[in-house]
Amino acid sequence: MNEMKLSFLSRLENEAFARTSVVAFLMPLNLTQEALMEVKTMLAEAVVNAMIHGYENTIGTISVSVAYDDTCIYMKVEDQGCGIEDIEQAMKPLYTSKEHLERSGMGMTIMQAFSDEFQVLSKPQGGTCVKITKLIQHEPAKQ
């Protein structure tokens, strides 16, 4: 198993840092373009959700850990923000608590669709942890 951990402030400009760092870490896996785009999308959704929903109008710390073994990539995005009152409702497609920010309400749905396992752990005022497992899809070896 190989693993990396990042912690950064919940500023929108740090989402690209997190995404780029994770992609660089996963380069030895020789992922398909499709798998790489899915990983980047899931990570971006989880990080931006932590920034916008977890910390709302404050700055806090977001932690990202990524690990992989021979078969799977394991991602975890955590914040210590306001937490989610109703996880079941938050998981519904098109649900958003931030209509005024023109949020689509599809972040959780997208993460769930691209992952092989998806779990959200949260409690009000206790932060949120999003856990994602994705089976590795390698680019075929060149002959």
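Starting afresh in each chain, residues are numbered from 1 along the sequence in its written order. Local features in a predicted model are, by the rule used here, given only for residues with pLDDT of at least 70; side-chain atom pairs are given and counted only at 80 or more, and totals for whole chains, interfaces and linings are based on all residues. Hydrogens and water molecules were not included; the side-chain quantities draw on all heavy atoms of the structure.

You'll find the chain entered in an unreviewed UniProt entry as Anti-sigma F factor, with Amedibacillus dolichus given as the organism.

Student: Describe the nonpolar core, naming the residues involved and giving the relevant values.
Tutor: Core analysis: the largest hydrophobic core is formed by 37 residues, its most contacted members being Leu 26, Val 47, Ile 62, Val 64, Val 66 and Ile 73. Helix and strand labels come from DSSP, where a helix needs a run of H or I of at least four residues and a strand needs a run of E of at least two; each type is numbered from the N terminus. If you list the elements that add at least two residues to this core, you get β1 (2-9), α1 (14-26), α2 (33-54), β2 (61-68), β3 (72-79), α4 (107-114), β4 (117-122) and β5 (128-135). Contact partners of Val 64, with chain neighbours within four places excluded, come to Met 4, Lys 5, Leu 6, Phe 8, Val 22, Leu 43, Val 47, Lys 76 and Val 77. As used here, the term nonpolar core means buried Ala, Val, Leu, Ile, Met, Phe, Trp, Tyr and Cys residues forming a set that is joined through side-chain atoms within 4.5 Å. Burial here depends on accessible area, computed with a 1.4 Å probe over protein chains only, as a share of the maximum for the residue type. Under 20% is buried, over 50% is exposed, and the range in between is partly exposed. Note on contacts: a residue pair is in contact if any heavy atoms of the two residues lie within 4.5 Å.

Student: So what's going on with the side chain of Thr 128? Residues and values would help.
Tutor: Counting through the fold element by element, Thr 128 comes out in strand β5. Residues contacting Thr 128, with those up to four places away along its chain left out, are Val 77, Glu 78, Asp 79, Gly 83, Ile 84, Val 120, Leu 121 and Ser 122.

Student: Report on the packing of α1 against α2, specifying residues and quantitative values.
Tutor: Axis angles are defined between N-to-C directions and span 0 to 180 degrees, where every axis is a line fitted to C-alpha atoms and, for a helix, only to the segment in contact. Remark: α1 packs on α2, axes separated minimally by 10 Å, with the N-to-C direction vectors making an angle of 145°. Note that α1 runs across α2; the crossing there is right-handed. Contact with α1, carried on its side by Asn 14, Glu 15, Ala 18, Arg 19, Val 22, Val 23 and Leu 26, involves Leu 36, Val 39, Lys 40, Leu 43, Ala 44, Val 47, Val 48 and Met 51 of α2 and no other residues of that element. Looking at the contact of α1 with α2, its residues break down into 11 nonpolar, one polar and three charged. A clockwise turn of the near helix away from the far one marks a right-handed crossing, whereas an anticlockwise turn of less than a right angle marks a left-handed crossing. For this classification, the nonpolar set comprises Ala, Val, Leu, Ile, Met, Phe, Trp, Tyr, Cys and Pro, the charged set comprises Asp, Glu, Lys and Arg, and every other residue, Gly included, is treated as polar.

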